[in-house]
Amino acid sequence: MNLRTQRLSRSESQAQTRDRLAQAARQEFARRGVAAASIDRISESAGYSRGAFYSNFADKHELLLELQAQHQAAEIDAWQALLDAEGSLAEVLPALRDRFDAFARNADDFLFSTELQLEALRNPEVAERYRAFSAEIASRTRQLAQAFIARAGGCRVSADVLGVLLQSLAHQLITEARLGLGAGAASAGERMAAILTELLGTTPDAA
């Protein structure tokens, strides 16, 4: 048996480095907030030098943008998978509701997203990168909106408008849920499902 450790390729090694730095950064951001997060602490926690960090990321905001892009893309993919499942849209909505409630409970990523937006408003260099990130998420959300409309057999608003609404509503409903605002005891997912039901003209499932 060959007991030698298999050497990673250059691309595999870089991917591993980026992944470890990203995981360390997520912990650092959660513990201290984005503004107070230290690249030195991120690098040390991941087991690398400061130089290794800068070999992979321009700064902590670029790393945060990558984390947010992965997180939001994964969430959109999850919603798309639910929309691709069998059953009527009304039957699928309860699963979407539960998925959104789980998304809303992820405090760290929601706070990271909010802090990133604020930094983009303050910092022109971050703003330029944030625009590219936002354009990609907006495009994917529009595709999700098209899937909703197709599944519902039509909608009173266009895919462009519904895409914007999905993004805006998500942020607003999560904020209200976390602050104890909004419609009584209804969860963020329940409110999102109710709004989608009204917009798409579907009948809510009793589940």
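Use the structure listed above.
### As for the packing of aromatic side chains
The full count for this structure, using the stated rule, is 7 aromatic pairs. When the centroid spacing of 5.7 Å and the interplanar angle of 45 degrees are considered together, the rings of Phe53 and Phe57 count as tilted. Classification of Phe53 by relative accessible area gives buried; the value is 0%. Residue class for Phe57 comes out buried when judged on its relative accessible area of 2%. Here Trp79 and Phe100 contribute two aromatic rings whose centre-to-centre distance is 6.2 Å and whose plane-to-plane angle is 90 degrees, an arrangement assigned as edge-to-face. Residue Trp79 is found in helix α4 (residues 60–83), and its partner Phe100 is found in helix α5 (residues 89–105); the two are separated by 21 residues along the sequence. Taken individually, Trp79 and Phe100 each receive the classification buried, so the pair is uniform in this respect. Among the aromatic residues, those joined into a ring-pair cluster are Trp79, Phe100, Phe103 and Phe148.

Calculation criteria
- Residues numbered from 1 in each chain as written.
- Predicted model: local features only at pLDDT ≥ 70, side-chain atom pairs only at ≥ 80, totals over all residues.
- Heavy atoms only, no water.
- Phe/Tyr/Trp six-rings, centres within 6.5 Å; stacked < 30°, edge-to-face > 60°.
- Buried < 20%, exposed > 50% of the residue type's maximum accessible area, 1.4 Å probe, protein only.
- Helix = DSSP H or I, 4+ residues; strand = E, 2+ residues; numbered from the N terminus.

This is a description of form; function is not addressed.
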